[in-house]
Amino acid sequence: MSNTTIVAEIACAHNGSKSNLLRLINIAKKSDCDIVQFQFFKPDEISIKGTDDYKILSKLEIGKKYYNSVFKECKKLNIPFWCMVSDIHTAKIINTFKPKMWRIHSSDIQNDALIKYLIKTKKPISLSTGGSTIKEISNCINYIKKNKGKISLLSHGFQGYPTPIDEANINFIKTLKKKFKIDISYQDHTSPTNKIINDLSDIAIAVG
């Protein structure tokens, strides 16, 4: 376990509440997590007003006026942060706060405009692979390298909530590691009520 990094992926678990988000950062620190990861977006940039998708995203959005408080909390607690962004508008704002790494969601694996902007920031990039084919993953990695970006991590995790145990497909980590020769992480999306949930992370560590 000494070489394993534990990332507290907060994503949208704050339900759009700044106070919840700050509380989760503190919980991550108390739990000895090494890094916290956030998901930021502007609903107007990635969805259409009036749709159900827009309504949901609007409830989950953490407005830019709260960014300073969020990142000050990370600095106070001395916990590094990574950021997943879904649009260039948000990425430009977040970049001013100097995240240690960008995360590309699997739904943005072919979003060349966003990826190209992230490359220009010269920060390392991690890529969620859930829901993507080997060809899509390979194309994205090649695009990043072609544009002189740094791809530092692939993150395996089936994009279903919750993921049935028999669909977690942890062995796929071996396939990713062998083909791409890049560090691999595991995103557990199984139900927290499963009795073997902690075992899955241990198995993921065991397979690399």
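For the structure, see preceding data.
Residues numbered from 1 in each chain as written. Predicted model: local features only at pLDDT ≥ 70, side-chain atom pairs only at ≥ 80, totals over all residues. Heavy atoms only, no water.

S.K.: Sorry, what's going on with the pattern of salt bridges here?
M.R.: Any two side chains of opposite charge can pair, on the condition that their charged atoms come close. This structure, assessed with the given rule, holds two salt bridges. The residue Glu73 makes a salt bridge to Lys76 at a minimum N-O spacing of 3.4 Å. Separated by three residues within a single helix, Glu73 and Lys76 lie in helix 4 (residues 67–77), roughly one turn from each other. Judged by relative accessible area, Lys76 falls into the exposed class, the value being 61%. (Salt bridge = Lys/Arg side-chain N within 4 Å of Asp/Glu carboxyl O. Helix = DSSP H or I, 4+ residues; strand = E, 2+ residues; numbered from the N terminus. Buried < 20%, exposed > 50% of the residue type's maximum accessible area, 1.4 Å probe, protein only.)

S.K.: Would you take a moment to explain the packing of aromatic side chains for this structure?
M.R.: For any two aromatic rings, the description comes down to two numbers: the centre-to-centre distance and the angle of the planes. Overall, the coordinates contain nine aromatic pairs when judged by the stated rule. For the ring pair Tyr67 and Phe71, a centre distance of 6.4 Å and an interplane angle of 55° mean the geometry is tilted. Note that Tyr67 and Phe71 are positioned in helix 4 at a spacing of four residues, about one turn of the helix. No difference in accessibility class separates Tyr67 from Phe71, as the two residues are buried. Aromatic pair Phe71 and Phe81: ring centres 4.4 Å apart, planes at 25°, arrangement stacked. Placement of the pair is Phe71 in helix 4 and Phe81 in strand 3 (residues 81–85), with a sequence separation of 10 residues. Judged by its relative accessible area of 9%, Phe81 is buried. Put simply, the rings of Phe38, Phe40, Tyr67, Phe71, Phe81 and Phe97 touch in pairs and so form one group of aromatic residues. (Phe/Tyr/Trp six-rings, centres within 6.5 Å; stacked < 30°, edge-to-face > 60°.)

S.K.: Would you take a moment to explain the sheet that holds strand 1 (residues 7–11) for this structure?
M.R.: Two pairing modes exist for strands in a sheet, parallel and antiparallel, and in both the strands are linked by backbone hydrogen bonds. The seven strands lie next to each other as 1-2-3-4-5-6-7, forming an open sheet whose pairing is parallel. In this open sheet, the two edge strands, each paired with only one partner strand, are strand 1 and strand 7 (184–186). Within the sheet, the average angular offset between the axes of one strand and its neighbour, ignoring direction, is 25°. Along the sheet, helix 5 (residues 88–95) makes contact with strand 2 (35–40), strand 3 and strand 4 (101–104), crossing strand 3 at roughly 160°. (Pairing = 2+ DSSP bridges. Axes fitted to C-alpha atoms, helices over the stretch in contact; angles between N-to-C directions. Contact = heavy atoms within 4.5 Å.)

S.K.: Honestly, the packing of helix 1 (residues 18–30) against helix 4 in this entry has me stumped. Any pointers?
M.R.: The angle between the axes and the distance between the axes are what describe a pair of packed helices. The contact between helix 1 and helix 4 brings their axes to 10 Å, and the two run at 20°. Accordingly, the angle class assigned to the pair helix 1 and helix 4 is roughly parallel. Taken as a pair, helix 1 and helix 4 cross one another with a handedness that is right-handed. Across from Lys18, Leu21, Leu22, Ile25, Asn26 and Lys29 in helix 1, the residues of helix 4 making contact are Ser69, Val70, Glu73, Cys74 and Leu77. Classifying every residue of the contact of helix 1 with helix 4 gives six nonpolar, two polar and three charged. (Parallel < 35°, antiparallel > 145°, perpendicular 65-115°, else oblique. Left-handed = near helix turned anticlockwise from the far one by under 90°. Nonpolar A, V, L, I, M, F, W, Y, C, P; charged D, E, K, R; others polar.)

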